Each structure stands twice: as structure tokens, then as C-alpha cells.
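# Breakdown of the fold
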Amino acid sequence: MGYRPRTRSSKKITREYRKVFREKNKPVKQNSYDAKYVREEKLVTSQQQVFEVTLKRLHTLGNQKFGSSPFSEHFDRWLRTVETVLDEFETHPNIKIDQQFTEERKQALETIKLQFGNYREKELTLEKQVNDLSNTKKRLQQINKEYLTKICVIREQKMVILRRLNNELEILKKEQDQIVKLKTGFFRGISKKEREQKEVMVVQRYVDKQHEFEVVALDFKEKQKRLKVECENKRDLLLEDEKDFQKCVKEMEEDSSLEERWLTCEVLKDVLNNFFQRK
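Reference entry: report on the structure contained in this document.

Thresholds applied
- Residues numbered from 1 in each chain as written.
- Predicted model: local features only at pLDDT ≥ 70, side-chain atom pairs only at ≥ 80, totals over all residues.
- Heavy atoms only, no water.
- Helix = DSSP H or I, 4+ residues; strand = E, 2+ residues; numbered from the N terminus.
- Expected span 1.5 Å × (residues − 1).
- Buried < 20%, exposed > 50% of the residue type's maximum accessible area, 1.4 Å probe, protein only.
- Phe/Tyr/Trp six-rings, centres within 6.5 Å; stacked < 30°, edge-to-face > 60°.
- Axes fitted to C-alpha atoms, helices over the stretch in contact; angles between N-to-C directions.
- Parallel < 35°, antiparallel > 145°, perpendicular 65-115°, else oblique.
- Contact = heavy atoms within 4.5 Å.
- Nonpolar A, V, L, I, M, F, W, Y, C, P; charged D, E, K, R; others polar.

Each turn of an α-helix holds 3.6 residues, which means side chains three or four residues apart point in the same direction. Between its terminal C-alpha atoms helix 4 (residues 75-91) stretches 24 Å, which fits the 24 Å expected from 17 residues at 1.5 Å a residue. By the burial criterion, the buried members of helix 4 are F75, W78, L79, T81, V82, V85, L86, F89 and E90.

Rendered as C-alpha cells:
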């Protein structure tokens, strides 16, 4: 069977690779690593057979999905497998590689190594964020507990102070009633002027105490309001942290290197195609 090599425009290659990658919907079965790609029991004798086997291996590696995070743990093993596939192609007695092939191969591998380094840093950052945010729910519970404790203290203080002020108002009310009785003539031995002075004094004390009662009640109301706002602000921040936590966990569960690995294998397949065409 004859083989017709592929050719692509260098200006469009990256764009076409990514477009094809995103349009791929067919699921790929999980594959094992080195053993499956390195082992070839059948003796390959012709250049075209070596070429086709190598393309097939690169195609499989480009679609390989890593099982679970951290995905960076699989990078070195995947890269060694790719290098083994290329080394077997280059060292085959029927293949005589040229300088262009060597340079293009080197550039493709250096690019994916650099990208792997970036992905490793990203995973470390995500892992740190997840660890920092893992106690978000516990901190939310602690804030709610602290709020309930503080609000109970404020209510108890409010009850004690307002009860005392209310008792003082009751006493002043009784004094005011006694003065009224004096004015109506039930009690003698006190002048009219003195009765009026006592009445003015008691009324003023009652008004002052009532004002104090209202101020204290309003002050406690403001304290409760400030405490609630403070607590809600803390809860809102932690809820945002919880959203960030869920986002980081989701990112950690996605293998963001898959597209770049697929792209690298497609580039290497084109390097092989171009080499075969030159030959």
C-alpha cells in the first residue's frame, strides 16, 4: 500500500491543531504507559512500516488521559515514553535522520518541557490555595458561634441595665404620686412653694431617667446591629473563599496539559511527515 505524506502551512498549523483538538468528542480509553508504547514484537524492516508504527504510537500518546491529580506526577513518565518512541525511530537501521529532523524534534520537546514546568507551578499554587481554604466551613461555624455568644452577652447586659432603670422610674413615679397627694391636701405641714419645688424636681428626674432609659435601649440596639453587620461581612468573605475553594478543586480535577500534549504529538507527527517527504 502506498503512502501519501501530509503537508501543512506553517502559519496555520497551531491554529488548526487547537481547532481539531477542541472538536474531538470521541472518548479515548485509558492506556497504560511505557510498556504498551515501547514493546513491538514484530520485526519492522521497511522505512514505511517504521514510519507508520511511530505515527500510531504518537497518536496514542497524544490522546492519553491521566487518571487523577496531581497530573504533574505523570509528566516525566509520559515524556520518557515519547522520547523512547522517537529514539527507536531514529536508531532504526533503515532510518537515516537529517539535521532538520533533529532540530524540529528538539524544539517540540523543549516546548512541552517548558509547558510542563508551568503546569507544575500552577498545580502547586492550586494545591496551596485548596489547603488554605479547606477550613472555610469550620471557620464559618466558628463565626456563627462567636456571634451567638456575643449577642447573648449584649442581651443580658441590656436586660440588667434596663431592669435597673425601670425600677428607678417606678420609684420616681411613686414620689411623683406622693407629691400629687400633698397638693390635694391629704398631707399637711409643708408649704405650697416647697410642694411645687419637690414636684418640679421629681418630674425632672423622671424625665432624665426616662431619657437615659431610651438612650441605653437605643445604644444596645446599635451594638446588636453593628455586631450583626460585622458577622455578616466575615461570613460573606468566607463564602467567597468557599467559592474559590470549589473553583480550585474543579481546576485540580481537570488535566489542563492534555491539549498541549496532544499538540506536541501532532507537531512531532508533522516532523515525521516532513522528514518522510524529504526522503
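With that out of the way, let us pick up the packing of aromatic side chains. A full pass over the atoms with the stated rule returns 8 aromatic pairs. Measuring from centroid to centroid gives 4.6 Å for F51 and F276, while their planes differ by 25 degrees, and the two rings are stacked. A residue pair is termed long-range when its members are at least 10 positions apart, and F51 in helix 3 (residues 47-62) and F276 in helix 8 (residues 258-278) qualify at 225 residues. Judged by relative accessible area, which is 1%, F51 ranks as buried. A ring pair is formed by F89 and F275, whose centres lie 6.0 Å apart and whose planes are at 85 degrees; its orientation type is edge-to-face. Taken together, the positions of F89 in helix 4 and F275 in helix 8 put the pair 186 residues apart, joining distant regions of the chain. Taking relative accessible area as the criterion, F275 reaches 3% and is therefore assigned buried.

Positionally, K228 belongs in helix 7 (residues 192-252). With 80 residues separating them in the primary sequence, K228 and L148 have C-alpha atoms 9.8 Å apart.

Attention now goes to the packing of helix 5 (residues 99-133) against helix 8. Where helix 5 contacts helix 8, the two axes come as close as 10 Å, and the packing angle between them is 180 degrees. Taken as axis vectors, helix 5 and helix 8 run roughly antiparallel relative to one another. Only E260, R261, T264, V267, L268, V271, L272, F275 and R278 of helix 8 make contact with helix 5, whose side of the interface consists of Q100, F101, E104, R105, A108, L109, I112, Q115, F116 and Y119. A breakdown of the residues in the contact of helix 5 with helix 8 according to their chemical character gives 11 nonpolar, 3 polar and 5 charged.

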